[in-house]
Amino acid sequence: MKVAITGAGGLVGSTLVKRLTTDHEVLALKHADLDITNKQAVHALLNQTHPDLVVNCAVLNVDECETDPAKAQSLNIDGPGYLAEAANEIGAEIVHYSTNYVFDGEEEKLYTILDPAIPVNNYGRTKLEGEKAVMTANPRHYILRTSWVYGIGKENFLSIIHRQLKAGQRGKVVSDCWASATYVEDLVQRTSEIIDLHHYGIYQVVNEGICSYVEFALEAGRLVGVKESDARELLELIRDADIKRPAKRPRYTPMRCLLSEQVGLRPLRHWKEALADYLKTSMD
Ligand SMILES: NC(=O)c1ccc[n+]([C@@H]2O[C@H](COP(=O)([O-])OP(=O)(O)OC[C@H]3O[C@@H](n4cnc5c(N)ncnc54)[C@H](OP(=O)(O)O)[C@@H]3O)[C@@H](O)[C@H]2O)c1
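Reading the values: the criteria
- Residues numbered from 1 in each chain as written.
- Predicted model: local features only at pLDDT ≥ 70, side-chain atom pairs only at ≥ 80, totals over all residues.
- Heavy atoms only, no water.
- Salt bridge = Lys/Arg side-chain N within 4 Å of Asp/Glu carboxyl O.
- Helix = DSSP H or I, 4+ residues; strand = E, 2+ residues; numbered from the N terminus.
- Buried < 20%, exposed > 50% of the residue type's maximum accessible area, 1.4 Å probe, protein only.
- Near = heavy atom within 4 Å.
- Polar contact = N/O pair within 3.5 Å; in protein donor to acceptor, adjacent residues only side chain to side chain.
- Nonpolar A, V, L, I, M, F, W, Y, C, P; charged D, E, K, R; others polar.
- Contact = heavy atoms within 4.5 Å.
- Pairing = 2+ DSSP bridges.
- Axes fitted to C-alpha atoms, helices over the stretch in contact; angles between N-to-C directions.
- Parallel < 35°, antiparallel > 145°, perpendicular 65-115°, else oblique.
- Left-handed = near helix turned anticlockwise from the far one by under 90°.

Caption draft 1: Geometry of the pattern of salt bridges. Scanning the entire structure with this criterion turns up 18 salt bridges. Among the salt bridges present, the one from Arg163 reaches Glu155, with a minimum N-O distance of 3.5 Å. The salt bridge involving Glu219 is made with Arg222; its shortest N-O contact spans 3.0 Å. Residue Glu219 and its partner Arg222 are both found in helix H8 (residues 213–223); the two are separated by three residues, about one turn of the helix. Classification of Glu219 by relative accessible area gives buried; the value is 9%. You can call Arg222 exposed: its relative accessible area is 53%. Residues joined by salt bridges that share partners form a network here, namely Asp186, Arg269 and Asp277.

The structure is reproduced here in structure tokens:
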């Protein structure tokens, strides 16, 4: 297949480019190559290049969605809509990534697509609207909700905490948020399996198991040889509400994928196994 990947410079996009290049002809479109909020440019590029599949990895991050709602609307809703519409016009399929933040996390459960989506921040709201824009514009859609993604290519808490603990650095960690963590390599591998099936709908792609940031940090520390007691000394536990960030985070949003179960895709490996694999690569 010919696959056009937008937002190809980001964490998921860059990992996906590497993975899909082995089996497909890939057009890696970084922000500078295609601004997905430019409707004319989106239509022109897809009409010229004629991909079989468009994969949208462009996004505005959680806090910026809160401080810049107009940009959140154009990047998380309008842009995905233009891509889906232009893909539909040339008969192409579309993959669009979404998030566990479509849920409010008020109940301690594994969230499925049967649960009502009630976002608690503007990122979640615009991602949910983005899903709808894609699904409305193109019936050949795969919506892939994922959660707490980490890997090589982007520095976030999950990807660097092992290094901080190993170096004996002190740091704050949110103690009252739980979700599914997802190793980006597992996410892109599953994406590649899903597009081979041509079964459209909403998937929730995450590693098995539930964790808090604290549990994730302690396991990452243990895997690089930091004792739990030493790690606990270094970590200052704080509540999400105590960090002054523009956007509130949902409290408890681990997910389970009903559609994967239906089409026979096994659950992804447990997050601890995936983390161990990541750390082997990351410490090389
Ligand atoms: N990372 C997570 O923990 C997580 C969790 C749940 C869901 N997801 C979903 O996974 C997907 C990918 O996320 P990610 O973590 O890979 O994001 P990311 O690393 O922040 O990458 C996003 C990319 O989008 C590009 N971009 C920004 N504005 C653009 C525009 N107008 N046109 C084209 N590209 C633009 C950015 O380029 P510049 O930096 O050059 O502007 C960046 O390379 C998103 O749909 C996100 O909602 C991620």
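Caption draft 2: Highlighting the site of the ligand. Neighbouring the ligand are 24 residues, the closest being Val12, His31, Tyr123, Lys127 and Val149. Contact between the ligand and His31: an oxygen atom at 2.8 Å from a side-chain N or O atom of the residue. If you list the elements that add at least two residues to the shell around the ligand, you get helix H1 (11–20), strand E4 (93–99) and helix H5 (122–137). When grouped by side-chain class, the residues that make up the shell around the ligand number twelve nonpolar, nine polar and three charged.

Caption draft 3: Structural context of the environment of Arg245. By the element assignment, Arg245 lies in the loop between strand E13 (235–238) and helix H10 (258–263). Residues Arg245 and Glu66, 179 residues apart in the sequence, show an inter-C-alpha distance of 9.6 Å. Among all residues touching Arg245, those that are not within four sequence positions of it are Asp63, Val174 and Asp240.

Caption draft 4: View of the sheet that holds strand E2 (residues 25–29). The parallel open sheet is built from six strands, whose spatial order is E2-E1-E3-E4-E5-E10. Among the strands making up the open sheet, the edge pair consists of E2 and strand E10 (201–204). Within this sheet the neighbouring strands show an average axis-to-axis angle of 20 degrees, counted without direction. When strand E5 (residues 141–146) meets E10, the two strands line up parallel, connected through four bridges.

Caption draft 5: Examining the environment of Ile143 more closely. Residue position: Ile143 is located in strand E5. Take Ile143: its relative accessible area is 0%, and that puts it in the buried class. Each C-alpha atom of the pair Ile143 and Ile118 lies 17 Å from the other, and the pair is 25 residues apart in sequence. Excluding anything up to four places from it in sequence, Ile143 contacts His96, Ser98, Glu131, Val134, Met135, Gly201, Ile202 and Tyr203.

Caption draft 6: The side chain of Arg145, seen in detail. Counting through the fold element by element, Arg145 comes out in strand E5. You can call Arg145 buried: its relative accessible area is 5%. There is a polar contact of 2.9 Å between the side chain of Arg145 and the side chain of Gln204. If near-sequence neighbours (up to four positions away) are discounted, Arg145 is found in contact with Ser98, Thr99, Val102, Phe103, Ile113, Leu128, Glu131, Ile202, Tyr203, Gln204, Val205 and Met255.

Caption draft 7: Quick peek at the packing of H1 against helix H7 (residues 184–197). Here H1 crosses H7 at 55 degrees, and the two axes come no closer than 9 Å. The orientation of H1 with respect to H7, classified from their angle, is oblique. The element H1 and its partner H7 pack so that their crossing is right-handed. Residue-level contacts link Leu11, Val12, Thr15, Leu16, Arg19 and Leu20 of H1 to Val184, Glu185, Leu187, Val188, Gln189, Thr191, Ser192 and Ile195 of H7. Tallied by class, residues from the contact of H1 with H7 come to eight nonpolar, four polar and two charged.

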